[in-house]
Amino acid sequence: QLQLVESGGGLVQPGGSLRLSCAASGFRLDYYTIGWFRQAPGKEREGVLCIGSSGSRTNYADSVKDRFTISRDNAKNTVYLRMNSLKPEDTAVYYCAARRGSCGPQGYDYWGQGTQVTVSS
């Protein structure tokens, strides 16, 4: 019943932008902390950004600082990841995940299946 579904991925050229969406069903997203993660081919999964139920934000990757922004729309039960100035090294499968409590690197109970972002010319 508790599901997260990512959307908005695709193929973009370097310097382009995308907005990813993480839509929740079966639970109230505003009660949860939501993190965005990514996994590139041959690399381990890494945390990107997190937003708490209070709206506080935590950055886990210096490589996306000042380029990526996380936000939530509680009325739509959706969390967004705005990605600007995309680079080829941003290519990865992007996942959203939910947990109770504050932002942290682990302990996320619910995961989406991911959306592919490919940055290439």
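Everything that follows concerns the structure shown earlier in this document.
Let us look at the structure shown here. (Residues numbered from 1 in each chain as written. Predicted model: local features only at pLDDT ≥ 70, side-chain atom pairs only at ≥ 80, totals over all residues. Heavy atoms only, no water.)

Let us look at the state of the cysteines. Counting across every chain of the model gives two disulfides. The partner cysteine of Cys22 in its disulfide is Cys96, sulfur to sulfur 2.0 Å. The disulfide joining Cys22 to Cys96 has a torsion of about 75 degrees about its S-S bond and is therefore right-handed. Remark: Cys96 occurs in strand β9 (residues 92-99) and Cys22 occurs in strand β3 (residues 18-25); sequence separation between them is 74 residues. No difference in accessibility class separates Cys22 from Cys96, as the two residues are buried. In this model Cys50 forms its disulfide with Cys103; the gap between the sulfur atoms is 2.1 Å. Classification of the bridge connecting Cys50 and Cys103 rests on its S-S torsion, roughly -90 degrees, and on that basis the disulfide is left-handed. Placement of Cys50 in strand β5 (residues 46-51) and of Cys103 in the loop between β9 and β10 (110-111) is noted, with a sequence separation of 53 residues between them. What connects to what in the protein, once the bonded cysteines are numbered by sequence position, is 1-3, 2-4. (Disulfide = S-S within 2.5 Å. Helix = DSSP H or I, 4+ residues; strand = E, 2+ residues; numbered from the N terminus. Buried < 20%, exposed > 50% of the residue type's maximum accessible area, 1.4 Å probe, protein only.)

Now for the pairing of β9. Most of β9 is tucked away: seven of the eight residues are buried. As paired strands, strand β4 (residues 33-39) and β9 are joined by seven bridges and run antiparallel to one another. Along β9, the bridge assignment pairs Arg38 with Tyr94. Note that β9 and strand β11 (residues 115-119) share three bridges and pair antiparallel. Within the sheet, the bridge partner assigned to Val93 lies in β11 and is Gln116. (Pairing = 2+ DSSP bridges.)

This paragraph deals with the sheet that holds strand β1 (residues 3-7). The strand order across the open sheet formed by four strands is β1-β3-β8-β7, and the pairing between neighbours is antiparallel. Of all strands in the sheet, those with a lone pairing partner are β1 and β7 (68-73), marking the two edges. Across this sheet, the average inter-strand angle for adjacent strands is 15 degrees, counted without regard to direction. In this structure, β3 lies alongside strand β8 (residues 78-83), joined through six bridges in antiparallel fashion. Looking at β8, one finds that Leu18 is bridged to Met83. (Axes fitted to C-alpha atoms, helices over the stretch in contact; angles between N-to-C directions.)

Below, the discussion takes up the packing of aromatic side chains. Inspection of the entire model under this criterion finds six aromatic pairs. Here the aromatic residues Phe27, Tyr32 and Tyr110 are joined through ring pairs into a cluster of three or more. The ring of Tyr108 has Arg99 sitting right over it, with the charged end atom 5.5 Å from the ring centre. The ring of Tyr32 has Arg100 lying over it, and the distance from NZ or CZ to the ring centre is 4.5 Å. (Phe/Tyr/Trp six-rings, centres within 6.5 Å; stacked < 30°, edge-to-face > 60°. Lys NZ or Arg CZ within 6 Å of the ring centre and 35° of its normal.)

The subject of this paragraph is the nonpolar core. Counting residues in hydrophobic clusters, the biggest one holds 29 residues, and the most contacted among them are Ile34, Trp36, Phe68, Met83 and Tyr94. Where this core is concerned, the elements lending two or more residues are β3, β4, β5, β7, β8, β9 and β11. Non-local contacts of Ile34, meaning those with residues more than four positions away in its chain, are made with Cys22, Leu29, Leu49, Cys50, Ile51, Ile70, Arg72, Val79, Cys96, Ala97 and Ala98. (Core = buried A, V, L, I, M, F, W, Y, C linked by side-chain atoms within 4.5 Å. Contact = heavy atoms within 4.5 Å.)

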